[in-house]
Amino acid sequence: MNTVLQVERLAKAFGGVKAVTDLSFGVEAGELLAIIGPNGAGKSTCFNMVGGQLTPDSGTVRLSGRDITGLPPRAIWRLGVGRTFQITATFASMTLRENVQMALISHHRRVRALWPKANGLYREEAMAVLARVGMADQAERACGVLAYGDIKRVELAVALANEPKLLLMDEPTAGMAPGERIALMGLAAEIVRERGISVLFTEHDMDVVFAHANRILVLDRGRAIASGPPSQVRADPEVRRIYLGGAAEPPEPVS
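Since the structure is predicted, the reported quantities are computational estimates derived from the model, not experimental observations.

About the thresholds
- Residues numbered from 1 in each chain as written.
- Predicted model: local features only at pLDDT ≥ 70, side-chain atom pairs only at ≥ 80, totals over all residues.
- Heavy atoms only, no water.
- Axes fitted to C-alpha atoms, helices over the stretch in contact; angles between N-to-C directions.
- Helix = DSSP H or I, 4+ residues; strand = E, 2+ residues; numbered from the N terminus.
- Parallel < 35°, antiparallel > 145°, perpendicular 65-115°, else oblique.
- Left-handed = near helix turned anticlockwise from the far one by under 90°.
- Contact = heavy atoms within 4.5 Å.
- Nonpolar A, V, L, I, M, F, W, Y, C, P; charged D, E, K, R; others polar.
- Salt bridge = Lys/Arg side-chain N within 4 Å of Asp/Glu carboxyl O.
- Buried < 20%, exposed > 50% of the residue type's maximum accessible area, 1.4 Å probe, protein only.
- Expected span 1.5 Å × (residues − 1).
- Pairing = 2+ DSSP bridges.

Asks: Describe in detail the packing of helix 5 (residues 148–160) against helix 6 (residues 178–195), supporting the description with residues and values.
Replies: At a minimum axis distance of 11 Å, the contact between helix 5 and helix 6 shows a crossing angle of 15°. Between helix 5 and helix 6, the angle is such that the two are roughly parallel. Here the hand of the crossing between helix 5 and helix 6 comes out right-handed. The residues of helix 6 that touch helix 5, namely those facing G149, K152, R153, L156 and L160, are E180, A183, L184, L187, A188, I191 and R195. The class makeup of the residues in the contact of helix 5 with helix 6 is seven nonpolar, one polar and four charged.

Asks: Now, about the pattern of salt bridges: what can you tell me, with residues and values included?
Replies: In the structure shown here, the tally under the stated rule is 10 salt bridges. We note a salt bridge from D22 to R9, for which the minimum N-O separation is 2.7 Å. Of this pair, D22 sits in strand 2 (residues 17–28) while R9 sits in strand 1 (residues 3–14), and the two are 13 residues apart along the sequence. On the basis of relative accessible area, D22 is assigned to the partly exposed category, the value being 37%. On the basis of relative accessibility, which here comes to 57%, the residue R9 falls in the exposed class. Here E140 ties to R97 by a salt bridge, and the two come within 2.8 Å at their closest N and O atoms. A residue pair is termed long-range when its members are at least 10 positions apart, and E140 in the loop between helix 4 (123–132) and helix 5 and R97 in helix 3 (residues 96–107) qualify at 43 residues. Classification of E140 as partly exposed rests on a relative accessible area of 48%.

Asks: Quick one: what's the story with helix 5, residue by residue and with numbers?
Replies: For helix 5, with 13 residues, the first-to-last C-alpha span of 19 Å sits near the 18 Å given by 1.5 Å per residue. For helix 5, a buried count of 10 out of 13 residues is recorded, marking the element as mostly surrounded by other parts of the structure. Where helix 5 is concerned, the buried positions are G149, I151, K152, V154, E155, L156, A157, V158, A159 and L160. Among the structural elements, helix 2 (73–78), strand 6 (81–84), helix 3, helix 4, strand 7 (166–170) and helix 6 are those in contact with the buried residues of helix 5.

Asks: Give a description of the sheet that holds strand 3 (residues 32–36) that names residues and reports values.
Replies: The sheet built from six strands is open, its strands ordered 6-7-8-3-9-10 with mixed pairing. The sheet is open, and its two edges are formed by strand 6 and strand 10 (223–228), each paired on a single side. When the angles between neighbouring strand axes are averaged without regard to direction, this sheet yields 15°. Helix 5 contacts strand 6 and strand 7 of the sheet and is inclined by roughly 170° relative to strand 6. Where helix 6 meets the sheet, it contacts strand 3, strand 7 and strand 8 (198–202), and its direction lies at approximately 140° from that of strand 3.

As structure tokens, then:
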């Protein structure tokens, strides 16, 4: 298989607190890998090192074999890594179309172009991306007036505009109602699989994780304690003890 993301012996500490220690994993082409774990397990720290928001103390991050360790987020975006955040990051005063257009303008390196005006650039492409996430009919509305679940769809559209080979999704369904969570992650999984995009995502909702992840990586106190397909992780006694509360069972996959 073609490894898109390879993380090797990644480590990060904040003062005397080791947030991530000796963490290694890979994400294959077209694979959805979920990282789960209790609060403070190191999930967000790991994400931020992969995405360039944090520089690792040690270890390496490789994208399709290229060392991207410590590169700034903009450079990593340029190399084909899209990202959605736990707290949505769209321009509230701009329309949905304009938000996606801005991502397309950046992707095509036209940010400094003075002519034609930005509003006329990549309009059709922006509408096509919005249509794919089911938001084309609201393209001319300002993001600031949308319901939270719809903003999450726009954020997904912005990430897809970069034509990423790897998509990082940090708590993609945070703050959403249960039905919205399943719908959004189902849409994301459908799109990335049809486009062959690799996905690394964190998520607290186990219904979402076990329904859509090809593999699951479980962290506790900054270390990997289990990794494998959902059925294997579900049966792991260490996962049950540390993450699922001993007797608790992860939910069955949604068929």
